[in-house]
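Listed below, chain by chain, are the residues.
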Amino acid sequence: MSVVSKNSDVVIIGAGPCGLFQIFELGLLGIQCDIVDSLPQPGGQCTELYPDKPIYDIPALPICGAQELIDRLMEQTKPFGATFHFGQEVTELKKLENGKFHVATSTGTQFVATCVVIAGGVGSFQPRRLSVPGAEAFEGRHIHYRVKSASDFHGKSLVILGGGDSALDWTVALCEKAKSLHLVHRRAEFRGAPATAARMQELVEAGKMKFHEGTVQSLHLDGEKLAGLNIETKDGRKTTLPAEQVLAFFGLHPKLGPIAEWGLELDKKALKVDTEKFQSSVPGIFAIGDINHYPGKKKLILSGFHEAALAAFGIQHHMNPEKRQFLQYTTTSPIMQKRLGVGG
Ligand SMILES: Cc1cc2nc3c(=O)[nH]c(=O)nc-3n(C[C@H](O)[C@H](O)[C@H](O)COP(=O)(O)OP(=O)(O)OC[C@H]3O[C@@H](n4cnc5c(N)ncnc54)[C@H](O)[C@@H]3O)c2cc1C
């Protein structure tokens with residue numbers, strides 16, 4: 001694990017729509033930030049849960065696809081050069097004696113931050129795990145929930161579990177590279193793209209892989225080594241599939257996780273904030289979007305955008321309490337236009 005240590009004005013935890021807009025609002029005020037997400041890409045719920053669905057209640061965009069909204073937000077943050085840290089969960093947040101914050105992630109990145117914005121939504125998305133006895137001991141070596149390097153599976157007996165896009169895409173991609181490939185899904189219908197499901201069926205018909213409608217019952221061990229998976233098919237047959245490597249794609253579920261352990265005041269499993277600057281019970285730690293709670297809170301993207309704007313002013317004041325704050329318009333402020341890289 002490589003340890004990266006960094007000073008940062010602001011660390012934003014969560015790159016969902018609200019965390020992304022926070023980069024923009026801070027950038028307008030000349031404040032730099034780092035942003036961390038446990039997922040490998042930005043977008044939070046929009047990208048993970050409903051990328052193709054149209055959203056109708058974003059002001060001035062009568063209809064906007066959820067992924068399109070994230071792409072537009074990413075474009076809008078570009079002038080401000082935020083640093084993105086994907087695929088890592090923030091596991092530690094502690095106040096230091098000098099008033100700054102120690103922030104650490106699951107992959108060893110450490111920050112000393114002047115302020116922190118928690119934009120963690122409904123929590124960090126975690127893979128649903130293979131729940132058969134003994135599986136945990138093989139996770140990361142023989143049982144995987146995402147592909148870090150496709151070549152790890154070349155020439156191996158491989159079992160892929162699941163029926164969504166990830167399961168189908170990797171089945172098609174690895175079929176002719178693996179020594180053998182079995183796909184197991186509890187139903188004959190797939191949630192993934194129909195074209196990829198059809199391609200998988202073609203590979204089955206060509207004798208290049210096998211598909212089983214069934215569920216995993218237990219691990220098949222050879223001494224201490226994983227040798228296969230024991231499955232039960234829908235018609236009640238029990239069979240053992242050879243498996244040096246297993247890829248399980250059962251989807252993701254959100255987990256409030258470490259956020260609940262940082263000593264911040266909670267209300268209904270959400271972080272209590274004020275409505276002036278969306279600051280939590282610890283000065284210097286702000287919370288915006290679905291993760292916060294205050295009287296009248298509505299979990300809407302629109303509300304999170306408003307919260308990000310006021311949190312940015314709260315952060316500016318926290319960083320520089322003596323400085324008078326001015327409201328400036330992007331239409332007329334030369335300094336904001338300079339930061340945006342527009343104007344004359
Ligand atoms: C099916 C569906 C349809 C919806 N339709 C609409 C709609 O039409 N209009 C609307 O306004 N809203 C809609 N919503 C709600 C909207 O998606 C949420 O309000 C919005 O996504 C909240 O954004 P956020 O940035 O607060 O959190 P999220 O989108 O939840 O993003 C939070 C991010 O934080 C990350 N994270 C959390 N904890 C950690 C940690 N410890 N370390 C690192 N990363 C962490 C997560 O991985 C996640 O990526 C819909 C929601 C769903 C599920």
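A brief report on the enclosed structure follows. Here the structure is a predicted model, which is why all the values come from computation and not from measurement.

What about the site of the ligand?
Consideration 1: Taken together, 32 residues sit near the ligand, with Asp 37, Gln 45, Tyr 50, Val 90 and Asp 290 positioned nearest.
Consideration 2: With respect to the ligand, the side chain of Asp 290 contributes an N or O atom lying 2.8 Å from an oxygen atom.
Consideration 3: Between the ligand and Ile 301, the relevant distance is 2.9 Å, taken from an oxygen atom to a main-chain nitrogen or oxygen of the residue.
Consideration 4: Surface burial for the ligand is 86%, taken as the share of its 990 Å² of free accessible area covered by protein chains.
Consideration 5: Breaking the shell around the ligand down by element, the ones donating at least two residues are helix H1 (17–28), helix H2 (44–49) and strand E9 (124–127).
Consideration 6: Here the shell around the ligand is composed, by residue class, of 15 nonpolar, 12 polar and 5 charged.

Comments concerning the sheet that holds strand E16 (residues 245–248)
Consideration 1: Spatial ordering of the open sheet is given by E10-E16-E11-E12-E13-E14-E15, a layout of 7 strands whose pairing is mixed. The open sheet is flanked by strand E10 (143–144) and strand E15 (238–242), the only strands paired with a single partner.
Consideration 2: Bridge count between strand E14 (residues 225–233) and E15: 5 bridges; the pairing is antiparallel. Within E15, the residue paired with Glu 232 across the bridge is Lys 238.

Quick look at H1
Every α-helix winds through 3.6 residues per turn, so residues three or four apart in the chain are directed the same way.
Consideration 1: Its 12 residues give H1 an end-to-end C-alpha distance of 17 Å, which sits within 8% of 16 Å, the value for a rise of 1.5 Å per residue.
Consideration 2: Those residues of H1 lying buried are Pro 17, Cys 18, Gly 19, Leu 20, Phe 21, Gln 22, Ile 23, Phe 24, Glu 25, Leu 26, Gly 27 and Leu 28.
Consideration 3: Looking at the residues trailing H1, positive phi occurs at Gly 30, about 80°.

Things to note about the pattern of salt bridges
Consideration 1: One pass over the full model with this rule turns up 16 salt bridges.
Consideration 2: Measuring nitrogen to oxygen at the nearest pair gives 3.5 Å for the salt bridge that ties Arg 187 to Glu 189.
Consideration 3: Its relative accessible area of 33% is what places Arg 187 among the partly exposed residues.
Consideration 4: Here Glu 265 ties to Lys 272 by a salt bridge, and the two come within 3.4 Å at their closest N and O atoms.
Consideration 5: A residue is classified by how much of its surface remains accessible, and Glu 265, at 43% relative accessible area, is partly exposed.
Consideration 6: Through salt bridges that share partners, Asp 274, Glu 276 and Lys 277 make up one connected network.

Points about the side chain of Ser 157
Consideration 1: By the secondary structure assignment, Ser 157 is in strand E11 (residues 157–161).
Consideration 2: Given the relative accessible area of 6%, Ser 157 is considered buried.
Consideration 3: Sequence-distant contacts of Ser 157, defined by excluding residues within four places in its chain, comprise Lys 179, Ser 180, Pro 242, Ala 243, Glu 244 and Gln 245.

Cut-offs and rules
Residues numbered from 1 in each chain as written. Predicted model: local features only at pLDDT ≥ 70, side-chain atom pairs only at ≥ 80, totals over all residues. Heavy atoms only, no water. Near = heavy atom within 4 Å. Polar contact = N/O pair within 3.5 Å; in protein donor to acceptor, adjacent residues only side chain to side chain. Areas by Shrake-Rupley, 256 points an atom, 1.4 Å probe, with all protein chains shown as cover. Helix = DSSP H or I, 4+ residues; strand = E, 2+ residues; numbered from the N terminus. Nonpolar A, V, L, I, M, F, W, Y, C, P; charged D, E, K, R; others polar. Pairing = 2+ DSSP bridges. Expected span 1.5 Å × (residues − 1). Buried < 20%, exposed > 50% of the residue type's maximum accessible area, 1.4 Å probe, protein only. Salt bridge = Lys/Arg side-chain N within 4 Å of Asp/Glu carboxyl O. Contact = heavy atoms within 4.5 Å.

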